[in-house]
Amino acid sequence: MRWSRTLINTLRDDPQEAEIASHKLMVRAGLIRKLSGGLYTFMPFGVRALHKVSQIVREEMNRAGAQEILMPALQPAELWERSGRLATMGQGMFRLKDRADRLMVLGPTHEEVTTEMICGEVSSYRQLPCTVYQIQTKFRDEIRPRFGLMRAKEFIMKDAYSFDVSYEAADASYQAMYDAYVRIFKRCGLMARPVEADTGDIGGKWSHEFMVLADSGEDGVIDCPVCGYAANQERAERKVDASSGSSDGAAIEEVATPNVRTIDELTAFFKCAGDCFIKTLIYSADGNPVAVLVPGDRDLNEHKFKRLLGVKKLELADDPTILAATGAPVGFAGPVGLTIPVYADQALKGATGRITGANKADIHIKHVDLARDANITAFEDLVIVGTGDACPKCGKPLQLKRGIEVGHVFKLGTKYSESFDARFLTAEGQRELMVMGCYGIGVTRTLQAVIEQNHDADGILWPASVAPFAVTLLLLDPKDAAVCAVVDKLEKELQDAGIDVFVDDREDRPGVKFKDADLIGCPVRVVVGAKGLAKGGVEVKMRNSKDMAIVPIDAAVADIVGRVKALV
RNA sequence: CGGGGCGUAGCGCAGCCUGGUAGCGCGUUUGCUUGGGGUGCAAAAGGUCGAGAGUUCAAAUCUCUCCGCCCCGACCA
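All figures in this text were calculated on a predicted structure; none of them were measured in a lab. (Residues numbered from 1 in each chain as written. Chains lettered and ligands numbered in written order. Predicted model: local features only at pLDDT ≥ 70, side-chain atom pairs only at ≥ 80, totals over all residues. Heavy atoms only, no water.)

A few points about the sheet that holds strand β16 (residues 314-316)
Picture the strands of a sheet paired through backbone hydrogen bonds; they go either parallel or antiparallel.
At step 1: Here we have 5 strands laid out as an open sheet, ordered β16-β14-β15-β17-β20, and mixed in their pairing. Edge positions in the sheet fall to β16 and β20 (378-380), since each has one partner strand and no second. Here the average twist between neighbouring strands, direction ignored, is 35°.
At step 2: Two elements, strand β14 (residues 278-285) and strand β15 (residues 288-295), share 8 bridges in a ladder whose sense is antiparallel. Opposite I278, over in β15, you have P295 as the bridge partner. (Pairing = 2+ DSSP bridges. Helix = DSSP H or I, 4+ residues; strand = E, 2+ residues; numbered from the N terminus. Axes fitted to C-alpha atoms, helices over the stretch in contact; angles between N-to-C directions.)

As for empty space enclosed by the protein
At step 1: Inspection of every chain in the model, using the stated rule, returns 3 cavities of 30 Å³ or more.
At step 2: By residue class, the composition of the lining of the largest cavity is 3 nonpolar, 3 polar and 5 charged.
At step 3: Looking at the second largest cavity, its volume works out to about 50 Å³.
At step 4: Every residue lining the second largest cavity is listed: W3, T472, L474, F502, D504, K513, A517, I520, G521 and C522.
At step 5: Among the elements of the structure, β27 (471-475), β28 (501-504) and α14 (510-520) are those that each provide at least two residues to the lining of the second largest cavity. (1 Å grid on protein atoms, 1.4 Å probe; cavity = no way out; pocket = protein on both sides within 12 Å on 5 of 7 lines; lining within 4 Å. Points joined across faces, edges and corners; volume = space filled by probe spheres on them. Nonpolar A, V, L, I, M, F, W, Y, C, P; charged D, E, K, R; others polar.)

Comments concerning the environment of D458
At step 1: Topologically, D458 is positioned in the loop between β25 (455-456) and β26 (459-460).
At step 2: Measuring from C-alpha to C-alpha, the distance between D458 and K153 comes to 30 Å, with 305 residues separating the pair along the chain.
At step 3: Non-local contacts of D458, meaning those with residues more than four positions away in its chain, are made with D518, L519 and R543. (Contact = heavy atoms within 4.5 Å.)

Quick word on the nonpolar core
At step 1: Among the nonpolar cores identified, the biggest contains 54 residues, and L31, M61, Y181, I184, F185 and W462 are the most heavily contacted of them.
At step 2: Grouped together as the second largest cluster of nonpolar side chains are 25 residues, M89, V105, V113 and F420 included. (Core = buried A, V, L, I, M, F, W, Y, C linked by side-chain atoms within 4.5 Å. Buried < 20%, exposed > 50% of the residue type's maximum accessible area, 1.4 Å probe, protein only.)

Notes on the state of the cysteines
At step 1: Considering all chains together, one arrives at 0 disulfides under this definition.
At step 2: As a non-bridged cysteine, C394 has C224 as the owner of its nearest cysteine sulfur, 3.5 Å distant.
At step 3: The exposure class of C394 is partly exposed, given its relative accessible area of 26%. (Disulfide = S-S within 2.5 Å.)

Overview of the pairing of strand β18 (residues 354-360)
At step 1: Of all 7 residues making up β18, 6 are buried, and the element is well covered by its neighbours.
At step 2: Pairing of β18 with strand β19 (residues 363-368) involves 4 bridges; the strand directions are antiparallel. By the bridge assignment, G357 is partnered in β19 with H364.
At step 3: The hairpin turn running from β18 into β19, its antiparallel successor, is 2 residues long, and D362 in that turn takes a positive phi close to 60°.

As structure tokens, this is what we get:
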């Protein structure tokens, strides 16, 4: 392919709308163009790299025994009513009506369609296990699309679904996908880390996310450098020693605290540290008020709390609810005397001598002894874990990092099998529920993550496996017939050798071509110019190295092919 | 949805406060020039100044409403 015949435009300046390096580079290098918020066109170079990623995914899925299928993006909403997710995921789905006024959705994921399809096809244990996958466009009405392809309204996902006769068998299917994911990200040139993750609305018992560590990542990743424990911050746990509050044995004492509500205001007012206080939060859990206590210097992890309560909807209670539940306006809630369920973080077990709200306006109480003064429903791990907290496995200090979620594997169990009555006949003639797993890779997100993790100040450093072209050939003197002849010869011979080669044949000065070659970032750069030829050949340089070699023309193809082969 | 910022040529921006019929750089086209890390010169094309309403003799500029984009939060496989 030649630049002069290609729809590729590079930009000198960073696009105004881009914030992170990979987004800027994808636009500057001419890989993508924005249509609207969260909607992008893949330009020729972008689509070539995308197809490379897709092909790696496809090869590894096939190798793991999964079968490729392709399901409709447009789906009847009725399917989603059956699983109950029209209500729980409804906000995030694009909806439309067909001419018969039937409600349709654009699929954000395909558990429903897959399970419905498998119901009709699989009826015997002899057909199991069965894992299907597709690489397909997904639609999600994201609240805030951002960072280019990282969080888009329309994106390409590889989603796979496994069906098994038992939980033990499902574990094997899960492990096969887990192993395939490790290989996929490695082949894409990514350092991706499996971490324990929250299952969220998709349901299921257990899941792992594959995280690409990057400062621009949207997720917090808790990492133990000693024992290897790693978890999404949404799920991460910590080890806590029995609380050692200073028990003064004193009785509760009211203190007037007019307009002192927040922990910051309280620490200033009482002149003591945040952990002297117990923060009391009132939540509405599926409409019922509940209280939750965390140490004053900690934040509640709503994901953990929601999982503990087992509710569908959990949100901070509104002011009237708080007034009704505690008898006091916002800012003065406390555990003493509450009649609603009160959950507390495990670190508060045995807490004494603390300060809490008094459930009266403008009053706090001190010398609170939780065991003595309050009725706690349960002590659980409920706070957001951060740097310095103790690892739940080994007790050593944890670290908080940022990560990009490029893949997620779930053990679903029978959640969808039950909704769709997906059963099979056992050897004994019993009808039993299939045990499912589901497995996603954000293909477009993975592509951008590759750039986020492989770039420098000058541009992209493509891993050879996903580079739009393995070799970029710079024709420095397009008016020099001898130079052109060398380029023609190299281009043809490299193509014959199966190498993807891109020729910059523009009528531009060398500096422009060098800059653009660095920006676009193909792994091998071959410069063909009159000066180089006079020195004895063409110049071969790797994008990730400063070293440049002059290679005689006759030896050039073998040299370049050797370099490309060594990369993959 | 709450807070903040922005919308002027394909891209990046100035002009707006203090109203007077739109400018710079890049890119594009043409000619010359240059020819190994974003050459130089000259000419040219390209704009309903996000949309609508209002104030005014006159609005990119002031007022109001709406729309879009970006960031933080909330929220979200």
